Structures are given as C-alpha cells and as structure tokens.
Amino acid sequence: MKRITTLIALFMAASALMAQPKISVETQQKLGDISFQTPKTVIFRVKNTGNKPLVIKEVQPSCGCVSVDFSTAAIAPGKQSAITAVYDAAMMGTFYRELAIYSNASPEPLYVGFRGRVVETLNAEDFAGDYPVDLGFVRLNTNAIEFNDCLLYTSPSPRDGA
C-alpha cells in the first residue's frame, strides 16, 4: 500500500511539473532605417504555448529611450498578447535595444531585441520587394555582384609631360 501511495505522489508531482506556462516570442526584429526624432513602435507578439495561464510580470527596457506597454492579465494557453515598445530615435546612428520579459514561465527573464539605424531623412523612393540576402544594413536580391562595366582610370604621369 505504501508503494502505491508513493507512486501516486510521484505521478502527481511529475504532472504538476509538466503543467507549466511556456512563452513563445520572436526574439529579434530589424527595423531598418528610421527618421531622426520620429518615434518608432515595435510590437512583440507573445504566445502561451504551455498548458497553464501565462502572466507577464514586468518588462524592463535596456535604455530610457524605450518606453514599453504590456498587459498584466493572464494569457490563456494557446492565446497571445502583445508587448509594445516605442523607441524615441533621438540619436543618429545605429542602435540595438533589448527588453527583459519577466513572467511566471521562468525565474530568468527572456530577452528580446530590436535594431535599426536612425538617419536624418529617409529616401523617398519605394524599394518594396524581396531582398533575401542580408549583409548587415544592406539587403540584396542576389548573392553575386558583377563589376563588368567598370573603367580603369589612370592618372596622368609626370613623365607624360602633363
């Protein structure tokens, strides 16, 4: 009888450990070029892939230049919520910012981030399309670049009398 009680207790403990909330979110977002002093909004979709309600306790940005908004309501299993971050774009140049998400899914925070480049003015041309090759902030639609039509320029030499 003692064995059966012990087995039942172990089974219940194992079941309780398996019944956990699990957080699923895209961890990195690339914003590309954004205009100087124009706030940019980034939305991280948070999904509960576990089988217990997920509660986001706190979201801490890595910098005071990012403000965050999120719901503290429990996220049911299979449902999703959003964390909204607004970057103020007050400094020119490239940036990378992180958010630490604290939840009941883990005692450690989950880090998500976004990157981009703040430029003075944006180019008005529309470059919509598929550019699958990523070279940092340069995106290409091919992985080969040809330089066939380049002219070789040689400066005049003092020996030529020029």
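Residues numbered from 1 in each chain as written. Predicted model: local features only at pLDDT ≥ 70, side-chain atom pairs only at ≥ 80, totals over all residues. Heavy atoms only, no water.

Some thoughts on the environment of Gly 78
What counts, and what does not: Secondary structure follows DSSP: runs of H or I at least 4 residues long count as helices, runs of E at least 2 residues long count as strands, and numbering of each begins at the N terminus. Here the term buried applies to any residue with accessible area under 20% of the maximum for its type, exposed to any over 50%, and partly exposed to those in between, with areas from a 1.4 Å probe on protein chains only. Contacts are assigned to residue pairs with any non-hydrogen atoms lying within 4.5 Å of each other.
Tracing the backbone through its elements, the reader meets Gly 78 in the loop between β5 (66-70) and β6 (80-87). Judged by its relative accessible area of 46%, Gly 78 falls in the partly exposed class. Along the chain, Gly 78 and Lys 47 lie 31 residues apart, while their C-alpha atoms are 6.7 Å from each other. For Gly 78, the contacting residues outside a window of four places in its chain are Lys 47 and Asn 48.

Comments concerning the sheet that holds strand β4 (residues 56-61)
Threshold: The pairing criterion for strands is at least two bridges between them, as found by DSSP. Whenever a helix is involved, its axis is fitted only over the stretch in contact; in every case the axis is a line through C-alpha atoms, and angles between N-to-C directions fall within 0 to 180 degrees.
Within the open sheet, the four strands sit side by side as β2-β8-β7-β4. Their pairing is mixed. Edge positions in the open sheet fall to β2 (28-35) and β4, since each of these has one partner strand only. Averaged over all pairs of adjacent strands, the angle between their axes in this sheet comes to 25°, without regard to strand direction. As judged from the five bridges shared by β4 and strand β7 (residues 93-103), these two strands associate in the antiparallel manner. Within the sheet, the bridge partner assigned to Pro 61 lies in β7 and is Leu 99.

Considering the pairing of strand β3 (residues 40-48)
Relative to β3, strand β1 (residues 23-25) is paired through three bridges, and the arrangement is antiparallel. Paired with Ile 23 across the bridge in β3 is Asn 48. Judged from the eight bridges that link them, β3 and β6 form a sheet pairing that is antiparallel. By the bridge assignment for β6, Val 46 is matched with Ser 81.

Looking at the environment of Lys 57
One can find Lys 57 in strand β4. Between the alpha carbons of Lys 57 and Thr 72 there is a distance of 6.3 Å; along the sequence they are 15 residues apart. In contact with Lys 57, other than residues within four places in its own chain, are Phe 70, Tyr 102, Ser 103 and Asn 104.

Some details on the packing of aromatic side chains
Filter applied, for reference: Here the aromatic set is Phe, Tyr and Trp, taking the six-membered ring for Trp, and pairing holds for ring centres within 6.5 Å; pairs whose planes are under 30 degrees apart are stacked, those over 60 apart are edge-to-face, and all others are tilted.
Within this structure, the stated rule accounts for three aromatic pairs. Seen in terms of ring centroids, Tyr 87 and Phe 95 are 4.1 Å apart; in terms of plane orientation they differ by 20°. Their pairing is stacked. Relative to Phe 114, the ring of Phe 95 lies with its centre 6.2 Å away and its plane at 70°, an arrangement referred to as edge-to-face. Remark: Phe 114 occurs in strand β8 (residues 106-119) and Phe 95 occurs in strand β7; sequence separation between them is 19 residues. We classify Phe 114 as buried; its relative accessible area is 0%.

Brief notes about the environment of Val 55
Summarising the element assignment, Val 55 is placed in the loop between β3 and β4. For the pair formed by Val 55 and Pro 21, sequence separation is 34 residues and the distance between their alpha carbons is 8.5 Å.

Some details on the sheet that holds β3
Whether parallel or antiparallel, the strands of a sheet pair through hydrogen bonds between backbone atoms. Strand order across the open sheet formed by four strands is β1-β3-β6-β5, with antiparallel pairing between neighbours. Across the chains shown, the open sheet's two edge strands, defined by having one partner strand only, are β1 and β5. Going across the sheet, the axis of each strand differs from the next one's by a mean of 25°, ignoring polarity.

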